[in-house]
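# Observations on the model geometry
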Amino acid sequence: MISVKEFTPEVIKRAYNRRSWIYSKTIAQMEWQYHLTALDQANIKTGENILEVAVGPGLTIVELAKRAGKETIIYGIDTSTGMLSLAEQNLLSHGFSNFQLKEADSRQLPFEDNTFDFLYNGYMLDLIPVKDMPRILNEFHRVLKPGGRMILLNMSKIDKSAKTSRETLYSILPAKFMLYILGGCRPVLMEGMVNDTHFENISRTYLDGKFPSEIVKATKPH
């Protein structure tokens, strides 16, 4: 994985607050089919405790709520208050009121150990420095129940030997351009790190197309 252009959490928060509405109308729509493909692998059951880390404008958390049922409390976090506001509006407009959204950092999730049956995280780790990824994955592992399931959806590439046009652009364009126009993301490969975090039943599905992505699915051991 190429090195990320590092920004402070406050800089990232400010950027995503400013671009939250336009993101919801552009990139989020183009990524949507990838999210649906990932969620189809989730096998969500009614009544499960579900957490989405990085809810964005709320398209995915609405889909999670639909699959879990209206009696289920859906939990979501994001670092951007602008995204959280959009997610809340989206949930309410679809008739869902049984949810809890929090402003939080994925490096320190505000939940007890062994809380969730399912955790979903889409298009966030491709923005994160490599050095922070193990800490975040350990947090995901911590808050899942034994036997709990996790799905990661990331910008990616077919394998580590590939060099994509996105990586070339990422390397040569100014940092602020990458953050505000392209979201600051680059292709990542998370299967190995998930394995290092002591998950099991790990699988990776590569999705080609306009936004080459990977679905990494794993389970916390009992």
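For the structure itself, look to the data block above.
Throughout what follows, the structure given in this document is the object of discussion. Model, not experiment: these values are computed from the prediction. (Residues numbered from 1 in each chain as written. Predicted model: local features only at pLDDT ≥ 70, side-chain atom pairs only at ≥ 80, totals over all residues. Heavy atoms only, no water.)

To continue, consider the nonpolar core. Membership of the largest hydrophobic core comes to 28 residues, with the highest contact counts inside it found for L51, L125, F140, M150, L152 and M190. Of all elements in the fold, only β1 (50-53), β2 (74-78), β4 (116-122), α6 (133-143), β5 (144-155), α9 (191-196) and β7 (213-219) reach the threshold of two or more residues within this core. Tallying contributions element by element places α6 first for this core, with 5 residues. Aside from chain neighbours lying at most four places away, what touches M190 is M1, L125, M133, L137, L152, N154, E214 and V216. Judged by nonpolar contacts, the second largest core, of 26 residues, contains I44, V62, Y123 and I215. (Core = buried A, V, L, I, M, F, W, Y, C linked by side-chain atoms within 4.5 Å. Buried < 20%, exposed > 50% of the residue type's maximum accessible area, 1.4 Å probe, protein only. Helix = DSSP H or I, 4+ residues; strand = E, 2+ residues; numbered from the N terminus. Contact = heavy atoms within 4.5 Å.)

Before going further, it helps to examine the pattern of salt bridges. Per the stated rule, a full pass over the model turns up 10 salt bridges. As a salt-bridge pair, D105 and R107 come within 3.0 Å of each other at their nearest N and O atoms. Judged by relative accessible area, D105 falls into the partly exposed class, the value being 30%. With relative accessibility at 17%, the residue R107 sits in the buried group. The shortest N-O distance in the salt bridge between E139 and R142 comes to 2.9 Å. With a gap of 3 residues between them, E139 and R142 both fall in helix α6, about one helical turn apart. When its relative accessible area of 12% is taken as the criterion, E139 is described as buried. Residue class for R142 comes out partly exposed when judged on its relative accessible area of 22%. Each member of the salt-bridge network shares a partner with another, and the members are D105, R107, K131 and D132. (Salt bridge = Lys/Arg side-chain N within 4 Å of Asp/Glu carboxyl O.)

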